[in-house]
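# An overview of the molecular structure
This is what each chain is made of:
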Amino acid sequence: MTTFSRFIALVMAICMLPGSAIAEDKVAPPVSERYKAAIEEVPNFQRHVIPLFGRLGCNGRACHGSFQGQGGFRLSLFGYDFAADHAAITGGETPRVNRKSPAESLIVLKPTLAEPHKGGKRLPADGWEYNLLMAWLKSGAVGAKEKDAAFASLDVEPKEIVFGKLGDTAKLRVIAKWADGTREDVTPLCRFRSNDESVSTVNAAGVVTAVGKGDTAVVAFYDNGIVPIAVLLPVSDKVGAKYPAVPTPTKLDELVVAKLRKLGIVSSDVCTDAEFLRRVSLDLAGTLPAADEVQAFLASEAPDKRTKKIEELLARPTYAAWWATKLSDFTGNSERTGPLGGEQALNREKAGQWYDWVYRRVRDNEPYDKLIAGIALGIGRRTDQSFADYCGEMISYFRKDKPADFAARDTMPYFWTRRTLGKTEEQALAFAHAFLGVNLQCAQCHKHPYDQWTKQDFDQFTAFFSGVRYGLGPRAETVAMKKGTPLEKLDEDSGDYKRKFVNLLASGTVLPFKELHIPASQKPRPGMKPGVKVGGRVLTPKLLGGEEVVNATYSDARQPVVDWMRDAENPYFARAFVNRVWANYFGTGLIDPPDDLNLANPPTNPALLDYLADGFVASKFDMKWLHRTITKSRTYQLSWRPNDTNRLDERNLSRSVLRRLPAEVVYDAVVLATASDDERKKLDADPVGLRSVGRSSGYAGTRQTDAYAVMLLGKPPRTTNCDCERSNEPALLQTVFLRNDPEVFKLLDRPEGWLKQVTKAKVTDADKLIQQAYLRTLSRLPDEREAGAAKKYISDAKDTQSGLRDLLWALINTKEFIVNR
Amino acid sequence: MIPQRFCDGITRRDFVRVGALGAGFGLADFLRLSHAADAKPAKATSAVVVYLGGGPSHIDTFDPKPDAPAEFRGEFKPIDTNVPGVQICEHLPKLAKIADTYAIVRGVSHSIAAHELGTEYLSAGNRPIPSLVFPGYGAVVSKELAGDKELPHFVAIPSTAQKAGYLGVRYAPLQTSDVPKPGIPFSVRGITLGNGLTVTEFEKRNNLLSELDTTFKGVAADSKLIDGMDKFAQQAFDMIRSSKARAAFDVSSEKPAIAKPFGEGRFGMSCLLALRLIAAGVRFVTVSFSGWDTHANNFKSLQGGLLPQLDTGLSALLAGLKEQGLLDTTTVYVVGEFGRTPKVNEKAGRDHWPRAMTALLAGGGVKGGQVVGATDAKGAGPAAEAFTPDQLAASFYHTLGIDHRKEYHTATGRPVMIVREGSVIRPLFG
């Protein structure tokens, strides 16, 4: 079974019946038919009444679903708390229900506007909706009962809609199934949503209309069921047999073209060698190719030179530097979120250690699952270590003279020691975001509106992390260690303490560090419900979409989640990383936003994500396998130049989409383009610490020379759980920076810069200089017109140097420079 | 593109559609309606936030406690201001003479005693939370109020803790990185033409750029990225070429009569620059003035530098705005991250004290010459009603006609009001 089908199986476990044909004889007709006239049939609160409220909009956030309620009446958002909703409707100071004279109930008077209603008219007074509500009221307005069969799954027909022309429509039919085997057509009780209303719309009755060319998904929601349906309208008539022959040298390409063939989108041609080299160097290693590298690559006639170049790049330190930066993004490496208190002044160094630890593993190509396990199971003090030895180990990393090698540590604990992860819920949110690409934030307070997660799921997931905290070590030893040092009488939170702590560390004094407390998973006591006690309730840890974990005894309560993640069958772990890596190369993820894996947000090409995730798992989480597979594909190597069919395509991989370079890569590109040949060699050999992509922490507003620039260019501070912190959007001040900032002039004119190098060497051949300027900025040779314009400018200038300086300035300021094409 | 999804499952398009059909309205609309009686025409179109980093002592500035025991009262005496009954610290004589131009908010109170988090709180008016970075005042103002195309909309002198947060890099500040020195032309990054470059030379160089920047010609119509970059290129060119921005930043060209009251100190010069920028049409300027973290030698530091500088710079700024007829349309908001301990410590210092602090608000329709709120006898906490940083922020936005209950959406789709917990402090507006 493929990863994707597993993912879908997981989804469908709650959403779909085996087999797609719906046996009509057993399916109850929709309520819109049954309640056309007033009938006696008693509607079910959970099956009919609450979904009807959803359909009428009553429990939306702007209305009674708001956390404050509205007009003194509050419903759970989108209706998932059936008991509370029933209590709100039937109880309280102003019951919305009048059992003696049902027609006088506020829940029918208000939405029909028989009484004033701020939310306006919601309910036609003579329709099936009214009849259904009245039947429920007349039968005593009973709530959900324990013996009610649980909702099991949702099935939608058709599974895919391919439209022929604009304005075509298709009607969805949604069948719900309950645990007792009963089935009902719930189409009129569903919420529907289109993921892109410029392609297709869907109305409340489930009628989908083609309004634009391209593809998207419409999603049906009912109870806890969420089912996306692929919808497409071909962009041209070049579909199926009429589709031109397009080479598909790799499996990846086959899967991409299979979808393009349906859509009638023809891929662009393959990009030029110069474009390929620049693109892959920037994407894979965050680095602009050097001028001589471009020339050598263009001159080479080896048929496999692109493949060789990919291997060469994967072996470079710049590859490890860039991906250590990306992994630092995903996992939240930031000096700004380190712990407060005595060790606070070490937070910048700790961020550096975090980066180095990741860098080492990327460089050595340690399997991704192993790397992540080293973070997810990060520990402070080993079980065989005394507190004094632990503190001794910690200070060894901060010694001024020959500090110990932090990157050699088995695990990296700083993910867990961040002050933003002080609470168990925060740990669960960060964990799900960093390693699973799942956003649980909504479920923290209410049923996730477009995923299966309930508040209960969230609470049970957090139970794995209960008790994990960064806090003081053993009290007596801590006090003893401080005794006789200047820290003895100081308050740990005072500035004095923090300063002295750092100074003493540098001198090698053993000082008390805080430590990461990791509880063992708890064995259920006889007669007790197994689980973790949270706020007076016992919660059984439960994997997301998986099993409850009971009776297990692990020395580390986090172990079962990590084992689950690393299992080949895990629906999220590999996909989340594959999708994020994909987003690095194509600008958008196959699932986008890349850190939002949820049921209502299906991948644009499920088979492709499947293939890559399965391959990644099969390769034993070999990150280089993934980079190689993507960059060697024809799809990655397509030209950005559009044709008539793919001009507007930005999501189906029919051409290279123009992307602004990431913040650090832009800054580095300016540094590299203006560097002398010698300086360039140094920067390539040892990017860590010297290059912007080799800087450890998230954006921190420090005094580093690149700080202002990377802030403007959207370097993420890495303080929240969102990949969106990194911004590659253009902005005015970015342009102002490149045009006219003293920092840029300083780089142009620096003593170790290229302009100084050619002045010193008295190079005066303008043609050669112009070529060099083009190679080191745009990684290509100028065409005739460009060379002519540049030459004219230089010959009009007061001397060659100043003319060349202006040319280099101009090239750095072209869109082509700051864009990956 | 996939429309932005919100935590409540509504897409941005849904909002538009729902609104268009009149079938419903948002929470913010509801709040706006239910508070409709509050609405008052805003007066201000620009703002200056003076940030006193480190947290100034409230007792030793605008909330003196002459009747408290000596270890609380401190070394300074109060003086009368030009508003009967209102006294401030004796080392703020110039501000005392124009107390009718500003309102003092006493008894502001919160519970964050750490600099960084406190600063985050007071820079955005929302208590910091781990899952979201809130945009600072400058980012919100530049989003809400359209500015002059030839000028930056948000200038920080020399830098600021305010962030663009979830609003994104478009609303990031131009940081001057330095403050002007008296009589010396001020070079500001990005605006001043570097290395003695003339406008003509810049134009010439820019022509070369236009000539060479043609690779993506023809795709601008289909690419939001290229189109956006082209628009910013034009705007950047206008801004750099125009004399307007350069002139505004060039403090050395200020008439001596106007410049003199600002003195020659860093803070005074920063205030002069702020005045020039506001006069030129910049929407939002923030001046950072730090050094208020007086754990030791509080009185010496205050008397010897901090208070005289604040007195000179701020009084000149307020007077300058007033003279140029800009005070009605410019809100000035002065605040730090917290107050300081009422009791003097053994190093003659005062420590962090968020339970009581003071803020000043002036201009933009704020009724000057009044004290709003009060602290108890020793300045340890609010005497009665406590004001929050959120309320200060809400009131600040109110002066600019920005409804602090307006909802933005974060990149993850979460709906967030500009100020989540605040309400406008009504007495400020008389």
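Only a predicted model underlies this, so the values are computations on that prediction, with no experimental measurement involved.

## Considerations on the overall build of chain A
Within chain A one finds 33 helices and 17 strands. The C-alpha atoms of chain A give a radius of gyration of 31 Å, which matches the 28 Å a tight globule of 821 residues would have. Along the first, second and third principal axes, the C-alpha set of chain A runs to 100 × 80 × 50 Å. Per-residue burial over chain A gives 53% buried out of 821 residues. Considering only contacts within chain A whose residues lie at least 6 apart along the sequence, 68% involve residues at least 24 apart.

## So, the environment of Gly369 of chain B
All names here are of chain B. With respect to the element layout, Gly369 can be found in the loop between β11 (357-362) and β12 (370-372). On the basis of neighbour count, Gly369 is assigned to the partly exposed category, with 17 C-beta atoms found within 10 Å. Taking the C-alpha atoms as reference points, Gly369 and Pro84, 285 residues apart in sequence, are found 8.9 Å from one another.

## A short note on the confidence of the model for chain B
Averaged over every residue, the pLDDT of chain B is 88; the share at 70 or more is 90%. The ipTM assigned to the predicted complex is 0.88, against a pTM of 0.86.

## Considerations on the packing of helix α8 (residues 273-285) of chain A against helix α9 (residues 291-299) of chain A
Residues and elements named next belong to chain A. Close contact between α8 and α9 brings their axes to 10 Å; oriented N to C, the two are set at 135°. Relative to α9, the element α8 lies oblique. Both α8 and α9 take part in a crossing whose hand is right-handed. Between α8, through Asp273, Ala274 and Leu277, and α9, the contact on the second element is made entirely by Val294, Phe297 and Leu298. Its residues assigned to classes, the contact of α8 with α9 shows five nonpolar, no polar and one charged.

## A short note on the domain arrangement of chain B
One can read the domain layout of chain B as domain 1 (1-38), domain 2 (45-186 + 250-429) and domain 3 (190-244). For domain 2 of chain B versus domain 3 of chain B, the distance between C-alpha centres works out to 36 Å.

## Details of the sheet that holds strand β4 (residues 169-171) of chain A
Residues and elements named next belong to chain A. Read across the open sheet, the three strands follow the order β4-β9-β8; overall the sheet is antiparallel. Since the sheet does not close on itself, it has two edges, and those belong to β4 and β8 (200-202), each with one partner. Taken over all neighbouring pairs, the strand axes of this sheet differ in orientation by 20° on average, direction set aside. Where β8 and strand β9 (residues 207-210) come together, three bridges link them in antiparallel fashion. Looking at β9, one finds that Ser200 is bridged to Ala210.

## Some details on the domain arrangement of chain A
Each domain of chain A was delimited in the assignment, giving domain 1 (45-138), domain 2 (151-233) and domain 3 (660-820). Centre-to-centre separation of domain 1 of chain A and domain 3 of chain A, based on C-alpha positions: 62 Å.

## A word on the interface of chain B and chain A
Size of an interface: often given as the accessible area lost when the parts come together. With 53 residues of chain B at the interface, the matching set in chain A holds 62 residues. Only β6 (174-175), α7 (199-212) and α8 (224-241) of chain B provide two or more residues apiece to the side of chain B that touches chain A. Counting residues per element, the side of chain B that touches chain A draws most heavily on α8 of chain B, at 10 residues. Class assignment for the residues of the side of chain B that touches chain A results in 28 nonpolar, 16 polar and nine charged.

## Section: unusual backbone geometry
Among all residues save glycine, negative phi is the norm, and among peptide bonds the norm is trans. Cis geometry marks the peptide bond from Asp592 of chain A to Pro593 of chain A, where omega comes out at 0°. Tracing the sequence through the fold places Pro593 of chain A in the loop between α21 (573-586) and α22 (606-618). Along the chain, Ile157 of chain B connects to Pro158 of chain B via a cis peptide bond; the corresponding omega equals -20°. One non-glycine residue, Phe78 of chain A, lies in positive phi territory at about 60°. Relative to the helices and strands, Phe78 of chain A resides in the loop between α3 (45-56) and α4 (82-90). Residue Phe78 of chain A is classed as buried on the basis of its C-beta count, with 23 C-beta atoms lying within 10 Å. A positive phi is found at Lys762 of chain A, a non-glycine position, where the angle reads about 55°. Structurally, Lys762 of chain A can be placed in the loop between α29 (754-760) and α30 (766-777).

## Some details on the sheet that holds strand β6 (residues 183-185) of chain A
Residues and elements named next belong to chain A. Read across the open sheet, the four strands follow the order β1-β6-β5-β2; overall the sheet is mixed. Strands at the two margins of the open sheet, each flanked by one partner only, are β1 (27-28) and β2 (151-157). As judged from the three bridges shared by strand β5 (residues 173-178) and β6, these two strands associate in the antiparallel manner. When the bridges of β6 are listed, Lys177 appears paired with Arg183.

## Details of the nonpolar core
Formed by 324 residues in total, the largest nonpolar core has its most connected members in Ala220 and Leu807 of chain A together with Ala274 and Leu361 of chain B. Those residues within four positions of Ala220 of chain A in sequence are excluded, and the remaining contacts are Leu154, Val156, Leu172, Val174, Cys190, Phe192 and Val227 of chain A. Of all hydrophobic cores here, the second largest spans 12 residues; its members include Ile395, Met481, Phe501 and Leu505 of chain A.

## Overview of the packing of helix α32 (residues 800-812) of chain A against α7 of chain B
Between α32 of chain A and α7 of chain B, the shortest axis-to-axis distance is 9 Å and the interhelical angle comes to 50°. Taken together, the axes of α32 of chain A and α7 of chain B are oblique relative to one another. The crossing of α32 of chain A and α7 of chain B is right-handed. Touching Asp806, Leu807, Trp809, Ala810 and Leu811 of chain A of α32 of chain A are Arg205, Leu208, Leu209 and Leu212 of chain B, all from α7 of chain B. In terms of residue class, the contact of α32 of chain A with α7 of chain B is built from seven nonpolar, no polar and two charged.

Parameters at a glance
Residues numbered from 1 in each chain as written. Chains lettered and ligands numbered in written order. Predicted model: local features only at pLDDT ≥ 70, side-chain atom pairs only at ≥ 80, totals over all residues. Helix = DSSP H or I, 4+ residues; strand = E, 2+ residues; numbered from the N terminus. Rg over C-alpha atoms; globule rule 2.2 N^0.38 Å. Buried ≥ 20, exposed ≤ 12 C-beta atoms within 10 Å, placed from the backbone. Contact = placed C-beta atoms within 7 Å. pLDDT = per-residue confidence, 0-100. Axes fitted to C-alpha atoms, helices over the stretch in contact; angles between N-to-C directions. Parallel < 35°, antiparallel > 145°, perpendicular 65-115°, else oblique. Left-handed = near helix turned anticlockwise from the far one by under 90°. Nonpolar A, V, L, I, M, F, W, Y, C, P; charged D, E, K, R; others polar. Domains from an automatic or database assignment. Pairing = 2+ DSSP bridges. Core = buried A, V, L, I, M, F, W, Y, C linked by C-beta atoms within 7 Å.

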